[in-house]
Amino acid sequence: ASPPPAPAPAPAASAGTSATASASSSSSSSSASASASHSVARRGRGAREEGTRASQGTARRGGPEGGGTRVIATAVAIGIAIVGLIAGIHYYDHSNPDARRVGDGDTLAEWRRGLSDMVNCEEAPRFDDETGKPLNEAGERIVEAAKSGASAPVTADDKGEGVLDAIPAVSIAEGKWKYVQIELTAPGEAPKRVVRNTAGLLYHPDMYQAAMDELAHLDGVRGHVIGGGRIVFDPERKYVSIYGYSKTFGRAPGCNEESAAIVRRAMPGHQVEWSDEGY
């Protein structure tokens, strides 16, 4: 009898099938990975291109929302302002070579004065630092007004409208500044003396002019200078010191003492000292 034929080797076929399946799976995985990589690359290129377009658009506009144009306009405006300031200082220095810068806000006041001359096209009042005398017509007009600003005497039959009562007796700036005592008058009212100064002004006539400018809207109110000096005002310490005199208006005996009394009445709780010494 012949021996039965040997069966086909199943393991070999199984191994071949497994290898085929593995290769197919590996091919599928590689294909998927490549596809994913290509997709990521495309998205990356798209994002870069979009970013490039956005940057180019921003550059063409000069910055976000046209900020570049605003920056240029601001820079030009600042440049013009600086040139104007320098020109004002230069103008004042050449028109008033004898002016001195001695502190207490003098430099700032001089700059303001020079710029004001340019803007208003008017000659500012000038005064001699040593004598206080006016150096031009503008200064002479202020001094004349300050010395002759009194109105007609008040009689017993006069009945005022209380205009002067509404005017504060004291208006002084913090720090050390010159001051003036002014006697105010109005039709039908008894005279009223007030104490005034303004930060940044150099001379006593300037103080007078600034005070009267504030009262210009009140009809019939006039004022003339009694005297002046300097005031040191420290609001934190509630301290006021009045001393010195005015070179322009001359010494006025009793002026500082009376000014101190006016300040005490108007500013209760403050320590107020006075002296006729110094300048």
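Keep in mind it's a predicted model, so treat the numbers as computed, not measured.

Analysis parameters
- Residues numbered from 1 in each chain as written.
- Predicted model: local features only at pLDDT ≥ 70, side-chain atom pairs only at ≥ 80, totals over all residues.
- Heavy atoms only, no water.
- Helix = DSSP H or I, 4+ residues; strand = E, 2+ residues; numbered from the N terminus.
- Polar contact = N/O pair within 3.5 Å; in protein donor to acceptor, adjacent residues only side chain to side chain.
- Contact = heavy atoms within 4.5 Å.
- Core = buried A, V, L, I, M, F, W, Y, C linked by side-chain atoms within 4.5 Å.
- Buried < 20%, exposed > 50% of the residue type's maximum accessible area, 1.4 Å probe, protein only.
- Pairing = 2+ DSSP bridges.
- Axes fitted to C-alpha atoms, helices over the stretch in contact; angles between N-to-C directions.
- pLDDT = per-residue confidence, 0-100.
- Salt bridge = Lys/Arg side-chain N within 4 Å of Asp/Glu carboxyl O.
- Patch = residues over 30% accessible without salt bridge, like charges linked within 9 Å, V, L, I, M, F, W, Y side chains within 5 Å.
- Areas by Shrake-Rupley, 256 points an atom, 1.4 Å probe, with all protein chains shown as cover.
- Expected span 1.5 Å × (residues − 1).
- Phe/Tyr/Trp six-rings, centres within 6.5 Å; stacked < 30°, edge-to-face > 60°.

Caption draft 1: View of the side chain of Asn197. Mapping Asn197 onto the fold places it in the loop between β3 (192–196) and α5 (204–214). Only 2.7 Å separates the side chain of Asn197 from the backbone nitrogen of Ala173, close enough to count as a polar contact. Setting aside its immediate chain neighbours within four residues, Asn197 contacts Ser171, Ile172, Ala173, Trp177, Lys178, Tyr179, Met207 and Ile231.

Caption draft 2: Examining the nonpolar core more closely. Ile182, Leu184, Tyr208 and Val221 are the most contacted members of the largest nonpolar core, which has 23 residues in total. At the level of secondary structure, the elements contributing two or more residues to this core comprise α4 (137–147), β2 (175–185) and α5. Apart from the residues within four sequence positions on either side, Leu184 is in contact with Leu164, Ile167, Pro191, Lys192, Val194, Met212, Leu215, Val221, Arg222 and Gly223. In terms of nonpolar packing, the next biggest core, distinct from the first, is built from 14 residues, Tyr179, Val195, Ile242 and Cys255 among them.

Caption draft 3: Up close: the sheet that holds β2. Pairing in this open sheet of six strands is mixed, and the strands run β1-β3-β2-β4-β5-β6 from one edge to the other. Only two strands of the sheet have a single neighbouring strand rather than two, namely β1 (170–171) and β6 (271–274). Summarising the sheet, β1 and β3 pair through two bridges and their orientation is parallel. By the bridge assignment for β3, Val170 is matched with Val195. Strand contacts of α5: β2, β3 and β4 (222–234), with the helix running at about 55° to β2, the strand carrying the most contacts.

Caption draft 4: Focus on the confidence of the model for the protein chain. On average, the protein chain scores 75 in pLDDT, and the residues at 70 or more come to 58%. Across residues 10–27 the pLDDT falls below 50, and counting only partners more than four positions away or on other chains, this stretch makes zero contacts in the model. The low-confidence segment residues 96–108 (pLDDT under 50) makes 17 contacts with residues lying over four places distant or belonging to another chain.

Caption draft 5: The pattern of salt bridges, seen in detail. Scanning all chains against the criterion turns up three salt bridges. Between Arg193 and Glu183 there is a salt bridge, with its nearest N and O atoms 3.1 Å apart. Separated by 10 residues along the polypeptide, Arg193 in strand β3 and Glu183 in strand β2 bring together distant segments of the chain. Put simply, Glu258 and Arg193 hold a salt bridge, and the shortest N to O gap is 2.9 Å. Taken together, the residues Glu258 in helix α6 (residues 255–266) and Arg193 in strand β3 connect sequence positions 65 residues apart. A residue is classified by how much of its surface remains accessible, and Glu258, at 32% relative accessible area, is partly exposed. A relative accessible area of 27% places Arg193 in the partly exposed class.

Caption draft 6: Layout of a nonpolar patch on the surface. A cluster of nonpolar side chains, namely Ile72, Val76 and Ile80, defines an oily patch on the protein surface of about 310 Å² accessible area. Note on placement: Val76 falls in helix α2 (residues 67–95). Classification of Val76 by relative accessible area gives partly exposed; the value is 47%.

Caption draft 7: Representation of the environment of Glu273. By the secondary structure assignment, Glu273 is in strand β6. For Glu273, a relative accessible area of 33% corresponds to the partly exposed category. With near-sequence residues (within four places) excluded, Glu273 lies in contact with Tyr239, Val240, Ser241 and Ile242. At 2.9 Å, the side chain of Glu273 forms a polar contact with the side chain of Tyr239.

Caption draft 8: Local environment of α6. With 12 residues, α6 should cover 16 Å at 1.5 Å per step; its first-to-last C-alpha distance of 16 Å lies within 8% of that length. Looking at the buried positions of α6, the neighbouring elements they touch are β1, β2, β3, β4, β5 (239–243) and β6.

Caption draft 9: How the structure looks around the packing of aromatic side chains. All told, the structure shown has two aromatic pairs when counted by the stated rule. A centroid spacing of 5.3 Å and a plane angle of 50° characterise the contact between Phe127 and Tyr203, whose relative ring orientation is tilted. Of the two residues, Phe127 sits in the loop between α3 (106–120) and α4 while Tyr203 sits in the loop between β3 and α5, which places them 76 residues apart along the sequence. For the residue pair Phe127 and Tyr203, the accessibility class agrees, reading buried in each case.

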